[in-house]
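# A look at the structure
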Amino acid sequence: MRSSVVLALSCLATFAIAEPIPYPPQATSKPKIPANFHPTFGNKKGNFQPTSAKVSKRRISERDTGGWVENGNVAVWNINYEDGVGAGNDQYTMYWGDGSVDQGWPARDQWVSFTEMFNANKAIMFSSCSTWGVDNDSGPEVGAIWNAIEAVAAETGVDHRFILATIIQESGGCVRVPTTNYGVRNPGLMQDHNGSGTCNSDITGEVDNPCPDSTITQMVTDGTGGTPDGDGLAQCINQSGWGTEADFYRAARLYNSGDIDGSGNLQDGIATHCYSSDIANRLTGWVSAEHGCYLDG
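This write-up is about the structure you can find in this document.

So, how was this worked out
Residues numbered from 1 in each chain as written. Predicted model: local features only at pLDDT ≥ 70, side-chain atom pairs only at ≥ 80, totals over all residues. Heavy atoms only, no water. Salt bridge = Lys/Arg side-chain N within 4 Å of Asp/Glu carboxyl O. Helix = DSSP H or I, 4+ residues; strand = E, 2+ residues; numbered from the N terminus. Buried < 20%, exposed > 50% of the residue type's maximum accessible area, 1.4 Å probe, protein only. Core = buried A, V, L, I, M, F, W, Y, C linked by side-chain atoms within 4.5 Å. Contact = heavy atoms within 4.5 Å.

### Some remarks on the pattern of salt bridges
Any two side chains of opposite charge can pair, so long as their charged atoms come close to each other. By the definition in use, this model includes five salt bridges. Close ionic contact of Asp83 with Arg161 constitutes a salt bridge, the shortest N to O distance being 3.6 Å. Residue Asp83 is located in the loop between α2 (57-62) and α3 (114-120), and its partner Arg161 is located in helix α6 (residues 160-171); the two are separated by 78 residues in the primary sequence. For Asp83, a relative accessible area of 22% corresponds to the partly exposed category. Owing to a relative accessible area of 4%, Arg161 belongs among the buried residues under this scheme. For Asp202, the salt bridge goes to Arg185, with nearest N and O atoms at 2.9 Å. Remark: Arg185 occurs in strand β2 (residues 185-186) and Asp202 occurs in the loop between β2 and α7 (213-225); sequence separation between them is 17 residues. Residues participating in the shared-partner salt-bridge network are Asp83, Arg108, Asp159 and Arg161.

### A short note on the nonpolar core
Grouped together as the largest cluster of nonpolar side chains are 57 residues, with contacts concentrated most on Phe118, Ile145, Phe162, Ile163, Leu189 and Ile216. Secondary structure elements with two or more residues in this core: α3, α4 (122-125), α5 (139-156), α6, α7, α8 (233-240), α9 (246-257) and α10 (275-283). Of the residues forming this core, the biggest block, eight residues, is contributed by α5. Sequence-distant contacts of Phe162, that is, excluding residues within four places in its chain, are made with Leu233, Ile237, Phe248, Ala251, Ala252, Ile279 and Leu283. Membership of the second largest hydrophobic core comes to five residues, among which are Met94, Cys274, Trp286 and Cys293.

What follows is the structure, given as structure tokens:
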């Protein structure tokens, strides 16, 4: 099994530039932005993944780039745009505990489909950059986000809906999102750990408009497959290691804080306490309803 996966990965090695997956025309159509549209997005507290100097040799070895999901129970190697229950419901449910279905967290068969999720969040993607005073995404840039998610999902085995949920959580899909740094440098769409992809450089001060397709793909690659300095979603799923839906919610916590609190509860510990609950809600249809988690003030 692993050899076939490795072969598949080797065949996709040049995915980022050579063969982008074409987005459907509707992906680039700008929806009408509702009046008083103030969705919750943008991880204001940053991500606190520890640096490689502070972790064991096992963790350092996992921080090679190009990570992929190793457990077949949670890996997704076949792209299916209609892989969920439709659009779901734009509402927020506060989830507590360890991320398991037994403790009330959503099963994967309760997640929305990728197409519905992407379309529902376009209003955020087309307007989120104004939060930081930079030009909002264009249609082609939003289309490039679709392409990047699909290409990187095929490369890493990370469910494309989980990648999209993390993008919305971290940046609202703003391709020119600033880099945050609360002790860890977090650039790009996924506010990853010191990655190379950004269209709003904290190093040079340059803001790219348009944001190149290759840079958008690099941002998604850094956040999903990892960087030399920090884990991506794939490594976090592997570290969780339960082989159930809980791996996604636990991986979200690991991506945000670098660790899961000793209690096992995903709302405990450092960084953004609402993070895993937010991700679970995005996966089941939450877009702009009132944010029902108040743990972060």
